[in-house]
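# Fold and geometry: a report
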Amino acid sequence: MSLSVSMFIAIARPAVEPQGPDAVAVPGSPAIPPVSPRALHARLLENAALRRMRGLERRRSNRPDDADYWLHAAPVAVQKACALRAGFSPLP
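Residues numbered from 1 in each chain as written. Predicted model: local features only at pLDDT ≥ 70, side-chain atom pairs only at ≥ 80, totals over all residues. Heavy atoms only, no water.

Further remarks concern the overall build of the protein chain. A tally of helices and strands in the protein chain yields two helices and zero strands. Burial status across the protein chain gives 14% buried among its 92 residues. Here the contacts in the protein chain between residues at least 6 apart in sequence split such that 55% fall between residues at least 24 apart. Accessible surface computed for the protein chain: about 8200 Å², of which carbon and sulfur atoms make up 60%. (Helix = DSSP H or I, 4+ residues; strand = E, 2+ residues; numbered from the N terminus. Buried < 20%, exposed > 50% of the residue type's maximum accessible area, 1.4 Å probe, protein only. Contact = heavy atoms within 4.5 Å. Areas by Shrake-Rupley, 256 points an atom, 1.4 Å probe, with all protein chains shown as cover.)

Mapped onto the elements, Arg 58 comes out in helix α1 (residues 37-60). By relative accessible area, Arg 58 is classed as buried at 17%. Contacts of Arg 58, omitting those with residues within four sequence positions, involve Arg 63, Asp 66, Ala 67 and Trp 70.

This brings us to unusual backbone geometry. Residues other than glycine seldom take positive phi values, yet Asn 62 does so here, at roughly 60°. Inspection of the secondary structure puts Asn 62 in the loop between α1 and α2 (64-85). Given the relative accessible area of 65%, Asn 62 is considered exposed.

Below, the discussion takes up α2. Taking 1.5 Å per residue, 22 residues should reach 32 Å; α2 reaches 32 Å between its end C-alpha atoms and fits that length. All buried positions along α2 are accounted for by Ala 67, Trp 70, Leu 71, Ala 73, Ala 74, Ala 77 and Ala 81. For α2, the arc enclosing every buried residue in end-on projection is 165°, short of the 170-degree limit, so these residues lie on one face. Looking at α2, the residues exposed on the side facing more than 90 degrees away from the buried face are Asp 65, Tyr 69, His 72, Gln 79, Lys 80, Cys 82 and Ala 83. (Expected span 1.5 Å × (residues − 1). Arc of directions from axis to C-beta.)

The full count for this structure, using the stated rule, is one aromatic pair. Each ring, one from Tyr 69 and one from Trp 70, has its centre 4.9 Å from the other, and the planes form 80°; the classification is edge-to-face. Here the basic side chain of Arg 54 rests over the ring of Trp 70, its NZ or CZ set 4.5 Å away from the ring centre. (Phe/Tyr/Trp six-rings, centres within 6.5 Å; stacked < 30°, edge-to-face > 60°. Lys NZ or Arg CZ within 6 Å of the ring centre and 35° of its normal.)

Listed below in structure tokens is the structure:
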């Protein structure tokens, strides 16, 4: 004698589903607009300057390990900005 048992399986969906391209965003948070390449370039250069200033501040505070980290991190941001700039079209 064989018994046929059918089971109902329901896949639960989250109460709040993300909308838009950012599936990791916190529900209710404002959407982050896409950034133009030139704006991203400016942001990377600003990031490099802030890293350098943070490194110099750490050096003045006699924290050489932190200073070395931040001073070595600044050129990385500059390299990323340079790589991004290589793809720019000339301004009119």
